[in-house]
4 protein chains.
Amino acid sequence: MSVKVAVAGASGYAGGELLRLLSAHPDVEVGALTAGGNAGTALGQHHPHLVPLAGRTLVETTAENLAGHDVVFLALPHGQSAGIAEQLGEDVTVIDCGADFRLTEAEVWTEFYGGEHAGSWPYGLPELPGQREKLRGTNRVAVPGCYPTVSTLALLPAVQNGLVDPGQLVVVAVSGTSGAGKAPKPHLLGAEVMGSATAYGVGGVHRHTPEIEQNLTPYADQPVSVSFTPVLVPMSRGILATCSAPIADGTDLAVLRKAYEDAYRNEPFVQVLPEGQWPQTQATLGANTVQLQLALDQRTGRAVIVAAMDNLTKGTAGGAVQCMNLATGLDETLALPLIGVAP
Amino acid sequence: MSVKVAVAGASGYAGGELLRLLSAHPDVEVGALTAGGNAGTALGQHHPHLVPLAGRTLVETTAENLAGHDVVFLALPHGQSAGIAEQLGEDVTVIDCGADFRLTEAEVWTEFYGGEHAGSWPYGLPELPGQREKLRGTNRVAVPGCYPTVSTLALLPAVQNGLVDPGQLVVVAVSGTSGAGKAPKPHLLGAEVMGSATAYGVGGVHRHTPEIEQNLTPYADQPVSVSFTPVLVPMSRGILATCSAPIADGTDLAVLRKAYEDAYRNEPFVQVLPEGQWPQTQATLGANTVQLQLALDQRTGRAVIVAAMDNLTKGTAGGAVQCMNLATGLDETLALPLIGVAP
Amino acid sequence: MSVKVAVAGASGYAGGELLRLLSAHPDVEVGALTAGGNAGTALGQHHPHLVPLAGRTLVETTAENLAGHDVVFLALPHGQSAGIAEQLGEDVTVIDCGADFRLTEAEVWTEFYGGEHAGSWPYGLPELPGQREKLRGTNRVAVPGCYPTVSTLALLPAVQNGLVDPGQLVVVAVSGTSGAGKAPKPHLLGAEVMGSATAYGVGGVHRHTPEIEQNLTPYADQPVSVSFTPVLVPMSRGILATCSAPIADGTDLAVLRKAYEDAYRNEPFVQVLPEGQWPQTQATLGANTVQLQLALDQRTGRAVIVAAMDNLTKGTAGGAVQCMNLATGLDETLALPLIGVAP
Amino acid sequence: MSVKVAVAGASGYAGGELLRLLSAHPDVEVGALTAGGNAGTALGQHHPHLVPLAGRTLVETTAENLAGHDVVFLALPHGQSAGIAEQLGEDVTVIDCGADFRLTEAEVWTEFYGGEHAGSWPYGLPELPGQREKLRGTNRVAVPGCYPTVSTLALLPAVQNGLVDPGQLVVVAVSGTSGAGKAPKPHLLGAEVMGSATAYGVGGVHRHTPEIEQNLTPYADQPVSVSFTPVLVPMSRGILATCSAPIADGTDLAVLRKAYEDAYRNEPFVQVLPEGQWPQTQATLGANTVQLQLALDQRTGRAVIVAAMDNLTKGTAGGAVQCMNLATGLDETLALPLIGVAP
């Protein structure tokens, strides 16, 4: 079997990571590669690491150029997916790495993204209970945001088992700067980001906040509230999320740990690390993995869960390929590295 | 007037930063420089940036070598200050950059550091209400830890004015790796830390946790509890602390902001940034400054305060020199840069 | 077919990279993992990125523990390979990532490494003319040093075709710090290497100098002389070598370029980039590739060739696996990524 | 005495560094701060580290706004200085950090920069023999480029004393990315530059090449030829230049070393390091210093000189302030740090 795949937005970081993974996929044939302003140029100019595809020419992102493929990945700026998607038929599997179809509530969408809500698609986080089944055979997938992927996986077992107060969740997540994309802006210059850490989107205004809450709400016995602060640090890739919440009565470390081990025992890409070993983003570089560790702070009565993930792999393109595998009936783990590139 | 100063532990990072600042001090004469294993070597081997002092030879850290100075800075591993300090007379001003004399409660000391409590000295954070006066003319100063300095300054106005619940404080602080010192350990190797973020001391076990609580407790109307998680990120210097707490009834952003502006209006080294501008550690590199910004998250009812600081300058050696200025009757701001080195 | 493989020195950087590649090899079964001081600990403590092998226990590096494997990789400190190798029978394929068997001249060995010369083994650089055939079926391979691999490939076509003066070669190669290994030393601490560049082994004293000269000499019509200076820069991985030499009479850019394109047209892992595109190490991260570009400086009459490579992949472990593939009769390119992890 | 100073181009990196230094200058009053597109905004938005000046508003770069100052620093894009300078009277001291007036040969200017040659001004490298006197009291200074400053100082004593062949000079200089300026370009994004090294301007086409040759030519007994290759590495600041040349007959290490020590014995900002200690850029961060070390490679007959410098301080703004001090009759070393910020 061979799945013919197109990538829209191939010159960006998400597009490049999709192509890195898809190039190693045994059942995929890479078809059209499209771009906006970079149409007409060679892929190798933008992604010199993609050696086997370097000579490919980028074409315009149009429905015509994307037609004739089994799967189309959309790695476009937020707000551009809906327009293209509606021109692609139901026989095409569309996997959107953008935010257009992630949120189910129209008013929340409008509050955080502005403009009109395009609707919602099956949410591409197979590790959510029951979600894997919904993704098998689907022809539309909304790939989660990077922060929501890691934050949800870090908090879900505690919330789902009623071990913490879901109304007082606090997430501070440090991130490499590739998450901010490839459009050049002064504050993303190397000279600015090296040697510096800075917070942004503070105070609940980051667009990933409602997505985390949406993910956890079905599993919580009380309203979910997440205080989310992202912090840019001098790395190209990687997210380390420090998540905490007040523990519910009777929660102890053994109970908490068991909840996580039970939740992820059979998950191929989520690892609860051995006791005493704390996650480091380097161990997940280029891999489709999330590494977790947890502690219970007796002085404060808070559970603290720390999770590491590569924002471009499991956080975007790897998660998207995982969804493609499910959607097209392939083995879910195909072409998804378990081993990161370290040091 | 000229103050003759000795630095014990001159080959480490805190010692080097002390000497960088003291070399530019108009009223200081740099005397003995001592070390442990590095005694007998030239300072320039360890600190090639200290050009004017590079030819100086390090001598053994003994009371004899430290005698005859007006001020002795101790930049020694934790637990080594007490033994030396008791051999230095009351006519010598001793400023300890270590942890030996920071905590007032003996049992807390023993819980977090082990061994016997040596006592407590005037705490070297002049920005605490009333503390500046206690430091003027004192002959003993316990310089705060780096995380406690930035976390305390970030939380104090909110706690002191009853604007947040002091029992549910959460601090996640990213830090450059110089804070871990110069003793070579595998996890601090460049190849390990570049491209990686990792948490440590999670779950309230970091030694700076009780120090933050001790600092805030006198100003709180309820018991103070801090969930503190430090995160190592790929920078040499700098701490960015993201602090949050549930707001008290009636707290709004204007009230919160006013509390911070009032608290720090006359503080030379603490700046509340203009609205919309978030702190970045690079702006404080090598400076004795703390930069702050705040937000109020209406969805979660939490105040979020973000603060940037150089762990070696205001967080250690700059804070120590500020205390020396006060203790010896000099202008508090002498030789302390307001301007960081950026980009 | 399945090749049973042991890795001696599995807790170091070369060992970790070998295991990353071997884990994805379709024809390899990973057997014993040995270490020195780390024997008895779990591999995952040292290499948390090696998820599928994390629970494996490291055993002592002894001939007994290495017996019973088809292939043994030695990733040991220089000088330790010879002792182990002589205890392994001729039916075991031994691939040495250390320097013990690289140099053919005993007196040069002694000059640069000290001690007695252990002999020389087939040199594991298949891209040298005729060398690929010598490696097929061999039971002993000396894997090249990282700098010699990239420098030799960068200079060979020019030297071999008589296009430059081989007596005046100049190589300045910047390198990430993983090349210095995992033993903790103060100058390799993150706080020292971040934000800093420094040269070392200047003046022809670096041990890789004679190896580069040895590699080029058979193809030169005059004595070969290489001025080699390595520079540590703040990266975990990667080497960028800037190589230059005076051009011979009649050399122009077209001739020079053709020599490189001809030399590497059929080499799977060496790419001469399209004109105008200069190598960057990031594009080779974790890949077994070398990327090259060249210029001819008319003012100075020098050819300048720049080459990028990952020191741990093609420069060490990838090169070693490539040799194993040849030695054991497998497809040379198996399990060797062509695509780097970028950005 | 108080010198009233304006800075044109204050929102860029050179402008920011000028203001960092000038703010600590005892005899300077900072006047107008001008900008192009950033006119009308607060300086603190662009340079949050410049705390005491953060509230200043940038005004348009016009002759009117620059009038009425004793000294005007021009930190403008290449090609923009000449137009402004001719509108400033002879009673204003103009110090140009751009390239407009550096080269003396009109045809070389046109070859490397394009357009018409504006002329040449006294060259702001006081360490050149006799140059210090030419700069005293001048009202026009062309501040050298960063690479020419460090390369010239690294090569001059060897060339001037006839110890090397000036026709075969090779310079490979690694640089932090602030040297490329603050205009956002994709290849300067943090995610691109972190973890990557890349060469540019290879083959003698970098504009600093003729400037280095121009500097050395008056002191050489033969035509000077420099093969110059710059390499971007993941640092914000700093240049490490590795310079080499074939030695002349009779040159030995003692002679070479003596030439450097003699040349720089009385230079306040140039240090020949003790034997065995190699320069690292970190030691010069934010300082106006150049640190040098040298070796003689007996195998190849080449002298190798390595030099470290901060591109923004001694390489641009510090050098400019040094020239201002000379031009205005102040102590040459005022407000110029000898001590870098490390680690």
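No experiment lies behind these values; they were computed from the predicted model shown. (Residues numbered from 1 in each chain as written. Chains lettered and ligands numbered in written order. Predicted model: local features only at pLDDT ≥ 70, side-chain atom pairs only at ≥ 80, totals over all residues. Heavy atoms only, no water.)

Draft legend 1. Broad picture of the overall build of chain A. Helix and strand counts for chain A stand at 11 helices and 13 strands. Here the C-alpha atoms of chain A give a radius of gyration of 19 Å, agreeing with the 20 Å that 2.2 N^0.38 yields for 343 residues. Taken along the three principal axes of its C-alpha coordinates, chain A extends 60 × 45 × 40 Å. For chain A, the proportion of its 343 residues judged to be buried stands at 66%. Taking as baseline every contact in chain A between residues at least 6 positions apart, the subset at least 24 positions apart corresponds to 70%. Here chain A displays about 10500 Å² of accessible surface, and carbon together with sulfur accounts for 50% of that area. Between the mean site of the 18 positive side-chain charges and the mean site of the 32 negative ones, chain A shows a separation of 6 Å. (Helix = DSSP H or I, 4+ residues; strand = E, 2+ residues; numbered from the N terminus. Rg over C-alpha atoms; globule rule 2.2 N^0.38 Å. Buried < 20%, exposed > 50% of the residue type's maximum accessible area, 1.4 Å probe, protein only. Contact = heavy atoms within 4.5 Å. Areas by Shrake-Rupley, 256 points an atom, 1.4 Å probe, with all protein chains shown as cover. Lys, Arg positive; Asp, Glu negative; His and termini not counted. Charge placed at Lys NZ, Arg CZ, Asp CG, Glu CD.)

Draft legend 2. Region of the structure containing the pairing of strand β5 (residues 93-96) of chain B. Residue and element names in this part refer to chain B. Going residue by residue along β5, you find T93 and I95 tucked away on one face and V94 and D96 tucked away on the opposite face as well. Looking at chain direction, strand β4 (residues 71-74) and β5 are connected through 4 bridges and run parallel. Within β5, the residue paired with V72 across the bridge is V94. One ladder, built from 3 bridges, connects β5 with strand β6 (residues 140-142); its direction is parallel. Across the sheet, V94 pairs through a bridge with R140, a residue of β6. (Pairing = 2+ DSSP bridges.)

Draft legend 3. Structural context of the sheet that holds strand β7 (residues 169-175) of chain C. Residues and elements named next belong to chain C. If you walk across this open sheet you meet the 7 strands as β8-β9-β7-β10-β13-β12-β11, and the pairing is mixed. The open sheet has two edge strands, β8 (198-199) and β11 (270-272), and neither has a second partner. Both strand β12 (residues 290-297) and strand β13 (residues 302-309) contribute to a ladder of 8 bridges, which runs antiparallel. Each bridged residue has a counterpart across the sheet, and for L294 the counterpart in β13 is I305. Each of β7 and β9 (226-232) touches helix α9 (residues 208-216); the most contacted strand, β9, lies at about 135° to it. Here helix α10 (residues 253-264) sits on the sheet in contact with β11, β12 and β13, set at roughly 165° to β12. (Axes fitted to C-alpha atoms, helices over the stretch in contact; angles between N-to-C directions.)

Draft legend 4. The packing of helix α1 (residues 13-23) of chain C against helix α11 (residues 313-327) of chain C, seen in detail. Residue and element names in this part refer to chain C. Direction vectors running N to C along α1 and α11 enclose 50°, while the axes themselves pass 9 Å from each other. Judged on the interaxial angle alone, α11 and α1 are oblique. The hand of the α1/α11 crossing is right-handed. Where α1 approaches α11, its residues A14, E17, L18, R20, L21 and L22 are matched on the opposing element by T313, T316, A317, G318, A320, V321 and M324. Partitioned by chemical class, the residues of the contact of α1 with α11 number 8 nonpolar, 3 polar and 2 charged. (Parallel < 35°, antiparallel > 145°, perpendicular 65-115°, else oblique. Left-handed = near helix turned anticlockwise from the far one by under 90°. Nonpolar A, V, L, I, M, F, W, Y, C, P; charged D, E, K, R; others polar.)

Draft legend 5. Quick peek at the interface of chain B and chain A. Tallying the contact residues gives 46 residues for chain B and 46 residues for chain A. Taken together, the two surfaces of chain B and chain A that pack against each other cover about 3600 Å², and 56% of this comes from carbon and sulfur. Where chain B packs against chain A, one counts 2 salt bridges. A salt bridge links E213(A) to R299(B), with the nearest nitrogen and oxygen atoms 2.5 Å apart. Across the contact surface, chain B and chain A share 14 residue pairs in polar contact (both at pLDDT 80 or more). (Buried area = accessible area lost by both parts, 1.4 Å probe. Salt bridge = Lys/Arg side-chain N within 4 Å of Asp/Glu carboxyl O. Polar contact = N/O pair within 3.5 Å; in protein donor to acceptor, adjacent residues only side chain to side chain.)

Draft legend 6. Structural view of the UniProt feature "domain: Semialdehyde dehydrogenase NAD-binding" (unreviewed entry) in chain A. Those places that UniProt annotates as "domain: Semialdehyde dehydrogenase NAD-binding" (unreviewed entry) correspond, in this numbering, to residues 4-136 of chain A. Secondary structure within residues 4-136 of chain A divides into 28% helix and 17% strand; the distance between the first and last C-alpha atoms comes to 18 Å. (UniProt positions renumbered as here; feature names shortened; annotations may be inferred.)

Draft legend 7. Representation of the relation of the copies chain B and chain A. Between chain B and chain A, which share one sequence, the superposing operator has a rotation angle of 180° and an axial displacement of 0.0 Å; the RMSD is 0.0 Å. What the superposition gives is, in effect, a two-fold axis relating one chain to the other. Residue P234(B), judged by its C-alpha, is the member of chain B lying nearest the rotation axis, at 3.0 Å. Both copies present the same face, since 100% of the interface residues in chain B are matched by interface residues at the equivalent positions in chain A. (Least-squares fit on C-alpha atoms with pLDDT ≥ 70 in both.)

Draft legend 8. Quick peek at the relation of the copies chain D and chain C. When chain D is fitted to chain C, the residual RMSD is 0.0 Å, and the transformation amounts to a turn of 180° plus an axial shift of 0.0 Å. A high fraction, 100%, of the interface residues of chain D reappear at the interface in chain C, so the copies pair face to face through one surface.

Draft legend 9. Up close: the domain arrangement of chain A. All names here are of chain A. Entries for chain A in the domain assignment read domain 1 (3-143 + 316-328) and domain 2 (147-309). If you average the C-alpha positions of domain 1 and of domain 2, the two centres end up 25 Å apart. Taking both partners together, domain 1 and domain 2 bury about 2000 Å²; carbon and sulfur atoms supply 52% of that area. If you sort the residues of domain 1 by the area they bury against domain 2, Y13, F112 and E127 come out on top, with a joint share of 29%. Linking domain 1 with domain 2 are 3 salt bridges. Note that R102 and E211 form a salt bridge whose closest N and O atoms lie 3.7 Å from each other. The interface formed by domain 1 and domain 2 contains 13 residue pairs in polar contact (both at pLDDT 80 or more). Elements supplying a minimum of two residues to the side of domain 1 that touches domain 2: α1 (13-23), α5 (106-113) and α11 (313-327). Residues belonging to the side of domain 1 that touches domain 2 are distributed by class as follows: 10 nonpolar, 9 polar and 6 charged. (Domains from an automatic or database assignment.)

Draft legend 10. Representation of the sheet that holds strand β11 (residues 270-272) of chain B in the model. All names here are of chain B. Overall, mixed pairing links the 7 strands, which are arranged β8-β9-β7-β10-β13-β12-β11 in an open sheet. Single-partner strands in this sheet number two, and they are β8 (198-199) and β11. In terms of strand pairing, strand β7 (residues 169-175) meets strand β9 (residues 226-232) through 7 bridges, oriented parallel. If you follow S175 over to β9, its bridge partner there is L232. Packing against the sheet, helix α7 (residues 146-160) makes contact with β7, β9, β10 (239-246), β11, β12 (290-297) and β13 (302-309), and its axis sits at approximately 145° to β13.

Draft legend 11. The arrangement of helix α9 (residues 208-216) of chain A in detail. Residue and element names in this part refer to chain A. Most of α9 is tucked away, with 8 of its 9 residues classed as buried. Taken as a whole, α9 has its buried residues at H208, T209, P210, E211, I212, E213, N215 and L216. If you follow the buried residues of α9, they end up packed against α5, α7 (146-160), β7 (169-175) and β9 (226-232).

Draft legend 12. Molecular detail of the interface of chain D and chain C. Taken residue by residue, the interface counts 46 residues in chain D and 46 residues in chain C. Both faces combined, the contact of chain D with chain C buries some 3600 Å², and carbon together with sulfur accounts for 56% of it. The salt bridge involving E111(C) is made with R299(D); its shortest N-O contact spans 4.0 Å. Applying the counting rule to chain D against chain C returns 14 residue pairs in polar contact (both at pLDDT 80 or more).

Draft legend 13. Here's a closer look at the pattern of salt bridges. Taken as a whole, this structure holds 58 salt bridges over all chains when the rule is applied. For E127(D), the salt bridge is made with K314(D), and the minimal N-O distance between the two is 2.9 Å. Of this pair, E127(D) sits in the loop between α5 (106-113) and α6 (131-135) while K314(D) sits in helix α11 (residues 313-327), and the two are 187 residues apart along the sequence. What makes E127(D) buried here is its relative accessible area of 6%. Among the residues examined, K314(D) registers a relative accessible area of 3% and is labelled buried. It is possible to trace a salt-bridge network through shared partners that takes in E17(A), R20(A), R237(A) and D310(A).

Draft legend 14. Structural detail: α7(B). All names here are of chain B. Taking 1.5 Å as the rise per residue, α7 with 15 residues should run 21 Å; its terminal C-alpha atoms sit 21 Å apart, in good agreement. Maximal helix bending in α7 amounts to about 30°, located at A154; proline P157 follows within four positions. Judged by how many residues are buried, α7 sits mostly within the fold: 14 of 15 residues are covered. Once α7 finishes, G162 follows within two positions and takes phi at roughly 65°, a positive value. (Expected span 1.5 Å × (residues − 1). Bend = angle between axes of the 7 residues up to and from the residue.)

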